[in-house]
Amino acid sequence: MLKDRFRLKPFPESSGFRRVALLVATLAHVGRFPFAPGTAATIVWGIPSFFVLGWISRPKYIVVVCVAFLLALWASHTSEKVLAEKDSPLIVVDEWVGYLVAVAFLPWSFETALFGLVLFRIFDIFKVYPASWVDTNLSGGLGVVLDDVLAGCYANLTLRLLAWFLPQWVGL
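Residues numbered from 1 in each chain as written. Predicted model: local features only at pLDDT ≥ 70, side-chain atom pairs only at ≥ 80, totals over all residues. Heavy atoms only, no water.

Undergrad: Hey, could you go over the packing of aromatic side chains for me, with residue numbers and the actual values?
TA: Scanning all chains against the criterion turns up four aromatic pairs. Centre to centre, the rings of F51 and W108 are 6.1 Å apart; their planes meet at 65 degrees, and the pair counts as edge-to-face. With F51 in helix α3 (residues 37–53) and W108 in the loop between α5 (93–102) and α6 (110–126), this pair connects stretches of sequence that are 57 residues apart. Residue F51 is classed as partly exposed on the basis of its relative accessible area of 28%. The partly exposed category is assigned to W108, whose relative accessible area is 49%. (Phe/Tyr/Trp six-rings, centres within 6.5 Å; stacked < 30°, edge-to-face > 60°. Helix = DSSP H or I, 4+ residues; strand = E, 2+ residues; numbered from the N terminus. Buried < 20%, exposed > 50% of the residue type's maximum accessible area, 1.4 Å probe, protein only.)

Listed below in structure tokens is the structure:
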């Protein structure tokens, strides 16, 4: 029943650091969204982050993405243990980091945000090699986050190729 999909189940009891890890891993509970939580997280956190970070210099953007990556590693690893589930759909911080990679150093526009979202989600869902290998063979936070970073790299490269070959269509 649709009503049951929106009912929140409580997280397992955990200490303060584990609660913080769950809050970060679910991106303030966006991971609890009942339909496509990864896409919801990318829309709710990724696109606004792109517009907020779009004005900073490249070195600062790299620092932000690296810090986000490390934070996502810790939160994902800890949350997997608390939830007792490998790559739980509740864990969506990896989508945020992957999206930041997907739109890195691209023009700051609505088209970039939208095409970045669509391409990132396609590559994340279909897990093009080596992301598929990473997803199945690496465990813990690294396995959770790295496949999304690779999907972000694929999306970024694809956006650059589209902008090169079809600049009027893409609008980048």
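Undergrad: Lay out the side chain of R121 with the relevant residues and their values.
TA: Locating R121 in the fold gives a position in helix α6. Here T39 takes part through its side chain, which lies 2.9 Å from a polar atom of the side chain of R121. Look past the residues within four positions of R121 in its chain and what remains in contact with it is G38, T39, T42 and E95. (Polar contact = N/O pair within 3.5 Å; in protein donor to acceptor, adjacent residues only side chain to side chain. Contact = heavy atoms within 4.5 Å.)

Undergrad: If you had to explain α3 to someone new, which residues and values would you point to?
TA: Between its terminal C-alpha atoms α3 stretches 23 Å, which fits the 24 Å expected from 17 residues at 1.5 Å a residue. In the core, the buried residues of α3 are packed alongside α4 (58–83), α5 and α6. (Expected span 1.5 Å × (residues − 1).)

Undergrad: I'd like a rundown of a nonpolar patch on the surface, residues and numbers included.
TA: A cluster of nonpolar residues, F110, L114, V118, I122, I125, F126 and V128, forms a patch on the protein surface that exposes about 690 Å² of accessible area. As for its placement among the helices and strands, V128 is situated in the loop between α6 and α7 (131–137). With a relative accessible area of 36%, V128 lands in the partly exposed category. (Patch = residues over 30% accessible without salt bridge, like charges linked within 9 Å, V, L, I, M, F, W, Y side chains within 5 Å. Areas by Shrake-Rupley, 256 points an atom, 1.4 Å probe, with all protein chains shown as cover. Salt bridge = Lys/Arg side-chain N within 4 Å of Asp/Glu carboxyl O.)

Undergrad: Please set out the pattern of salt bridges residue by residue, giving values where relevant.
TA: Summed over all chains, the structure comprises four salt bridges. With a closest N to O distance of 2.7 Å, R121 and E95 form a salt bridge. Of this pair, R121 sits in helix α6 while E95 sits in helix α5, and the two are 26 residues apart along the sequence. According to the relative accessible area criterion, R121 is buried, its value standing at 12%. In this structure, D124 engages K127 in a salt bridge whose closest nitrogen and oxygen atoms are separated by 2.9 Å. Note on D124: relative accessible area 5%, which makes it buried. Through salt bridges that share partners, E95, R121, D124, K127 and D147 make up one connected network.

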